[in-house]
Amino acid sequence: MLRPRALPRAPFSRQLPRPFTPSRPIFSFLRRKSNPDASKPKAQAPLLTEDNLFHPFSKSPFPAIKARGEAIKKLAPCPVCYSSSSACGHDHAPKAVQFECPDCGWPTHCSEEHWKEDEEHHKYCTRLHEANEDEHDLRSGRRMKEFELPGPQGFEETISFANWDVFWYTRGFPSMDTERSRRHASKLLTYPITIGGALHQYSGITLNNQRLTPEGSRSLAALRSTLHVPTGAPETAEATVGKPQVRIFILGARAESSLPPHVWEQLTMLFPSTHFHLFFIGPQVSLPKPKQSSTTTTSTAEPPAAPPSQEEQSSVKEEEQSQDGQKSTYLPNVYQPPTPPPIPSMKRTRSSLQRYGVPSYTVPYTPFLTITGMQANYADVHAQFQHTLDPYSDLFFFFSPGFGFPSTDSINPETGEPLLQIASPTEWGPVLPMLLASKCSIFVTGFSPTDVERDVRSLSAAPDVAGEFEWVITPGPNTFGSEKWEIADFDPRVMVKTNWGIWAIRGKSRDVQEHGKFSKFLPF
């Protein structure tokens, strides 16, 4: 009887995977269910919401704003009292402000009656209200997307310097959806982008709009030959090989010296093939915090000391509060901005005291950015740079130096009146002639049209400066000035914008002509 033959098994038969059946032990009900969201850090809720940013200074939830309100009440005069005393010819000082305007929250008048009588307050009340909300928004605890800075620029992606909006778009910044975000971002970036906007080959300052002079075009062409690569070559990091370092001397530095280095890194991303070295020089430059030395305890220690008194305990608490940033003291801006607090020390921060002979530090932040800060007048350290200054790779920047303001230290012996700061021997008097002799470009900014005009007029009254310079950039508005109003503590009616205007000069060039033996027969 014939048996059926079994079919041969395929040599490469694919077996289907067995379905996964989760095991269920007996005691599985005792286990806690894992929450996948538990490992993620929870975002803290902001202290103030967007619809709750307005608070009078005396009722602010932040001690720093309360302290500023108290400082204004001690400094600012009542505008109604001041105008009435000036009209009557009285010499007595007007009353200080005590009443807070319910519309803007700032201390503006000595009483409610004078607040109602003032017919000029409505002209600037809206700006004060805007500044009030901005100060509370910065401390609200929300996520500040406008401070999230982009990385390196993409290959063959051109940056436009037409205005803030186009710059943020072409640079890849987060979308600035509100005017408040624009004000915050512009104030943070105004210092590095003002420098980049003036130096870049695609700058909006050109000969066509008559902001750039023919002499300035030659000066910027020399700088741009170092900042950029030849036409047709890619702007890459490899192009930095063999190029000189571009040194930017920021003289009289104050707030700009306390900016985090990653903010200044935005300047290097505008010039991918350049290595920058920033020098912050001035008596108000922020230095790194001193490192606290750790104390070690040994077995042969001294006997325990007596417990501290109440005064010592209170002083220790005040020191701890100041270290934590919770101290409610406020340094008002009376004549010049106060010295910024010390900056945090970074991993590669090193002291440069032995190299420059003044309190200083150096941070090699990235391969394309090195930062050096010196707490000294530039006249004291000029000798270390004067023989190496090169108009092709060095330039100077003054951010609101106050050339035209009267000096607090120097007096004209002939008239008995204070000298201007640009002519004062203890301030900018000896500095500008040194810079003009180097033939390097000198850029200056101002916080208002009046400030720019005041500084420009002071050039004609300064010895060794008048007639010794040429215009590089004519005075005018700065496209990348801050859009946030800065309120003066000594008078809330005084409002300015950081880096509103910009202009530039250089040392006067003199052409040398060689006269030969036949030159007397030439018609010229």
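Coordinates for the structure precede this section.
Residues numbered from 1 in each chain as written. Predicted model: local features only at pLDDT ≥ 70, side-chain atom pairs only at ≥ 80, totals over all residues. Heavy atoms only, no water.

In this structure, what is going on with the overall build of the protein chain? I would like to understand it.
A count of helical and extended segments in the protein chain gives 13 helices and 15 strands. Scored against the burial criterion, the 524 residues of the protein chain give a buried share of 41%. Across the protein chain, the fraction of contacts at a sequence separation of at least 24, relative to all contacts at a separation of at least 6, is 69%. Looking at the protein chain as shown, the accessible area adds up to about 32000 Å², and 54% of this sits on carbon and sulfur atoms. (Helix = DSSP H or I, 4+ residues; strand = E, 2+ residues; numbered from the N terminus. Buried < 20%, exposed > 50% of the residue type's maximum accessible area, 1.4 Å probe, protein only. Contact = heavy atoms within 4.5 Å. Areas by Shrake-Rupley, 256 points an atom, 1.4 Å probe, with all protein chains shown as cover.)

Can you walk me through the sheet that holds strand β7 (residues 369-374) in this structure?
What links the strands of a sheet is backbone hydrogen bonding, and the strands pair in either a parallel or an antiparallel sense. Across the sheet, which stays open at both edges, the nine strands sit in the order β5-β6-β7-β4-β3-β8-β11-β15-β12 with mixed pairing between neighbours. The outermost strands of the open sheet, each flanked by one partner alone, are β5 (350-351) and β12 (469-477). Pairing of β12 with strand β15 (residues 501-507), which is carried by six bridges, proceeds in the antiparallel orientation. Across the sheet, the residue bridging to Trp 471 is Ile 505, located in β15. Strands in contact with helix α6 (residues 179-199) are β3 (246-251), β8 (394-399), β11 (441-446) and β15; relative to β8, the strand with the most contacts, it is inclined by about 135°. (Pairing = 2+ DSSP bridges. Axes fitted to C-alpha atoms, helices over the stretch in contact; angles between N-to-C directions.)

Hey, could you run me through the packing of aromatic side chains in this one?
Within a pair of aromatic rings, the relevant descriptors are the distance that separates the centres and the angle that separates the planes. Inspection of the entire model under this criterion finds 25 aromatic pairs. Their ring planes at 50° and their centres at 5.6 Å tell us that Phe 99 and Trp 115 sit as a pair that is tilted. Placement of Phe 99 in strand β1 (residues 99-100) and of Trp 115 in helix α3 (residues 112-117) is noted, with a sequence separation of 16 residues between them. Residues Phe 397 and Phe 443 carry aromatic rings whose centres are separated by 4.9 Å and whose planes lie at 10° to one another, so their mutual orientation is stacked. Linking Phe 397 in strand β8 with Phe 443 in strand β11, this pair joins segments that are 46 residues apart in sequence. A single burial state applies to Phe 397 and to Phe 443, both of which are buried. Pairwise contacts between aromatic rings join Phe 161, Trp 164, Phe 167, Trp 168, Phe 173 and Phe 480 into one cluster. A cation over a ring is seen here: Arg 454 above Phe 405, with NZ or CZ 4.3 Å from the ring centre. Seen from the ring of Trp 485, Lys 497 lies directly overhead, with NZ or CZ sitting 4.6 Å from the centre. (Phe/Tyr/Trp six-rings, centres within 6.5 Å; stacked < 30°, edge-to-face > 60°. Lys NZ or Arg CZ within 6 Å of the ring centre and 35° of its normal.)

So what exactly am I meant to see when it comes to the packing of helix α4 (residues 121-138) against α6 here?
In a pair of packed helices, the angle between the axes and the distance between the axes together describe the arrangement. Where α4 meets α6, the axes come as close as 11 Å, and the angle between the chain directions of the two elements is 70°. It follows that α4 is roughly perpendicular to α6 by the angle criterion. For the pair α4 and α6, the contacting residues are Glu 130, Glu 133, Asp 134, Asp 137 and Leu 138 in the first and Arg 180, Arg 183 and His 184 in the second. Split by residue class, the contact of α4 with α6 holds one nonpolar, one polar and six charged. (Parallel < 35°, antiparallel > 145°, perpendicular 65-115°, else oblique. Nonpolar A, V, L, I, M, F, W, Y, C, P; charged D, E, K, R; others polar.)

Geometry only, nothing functional implied.
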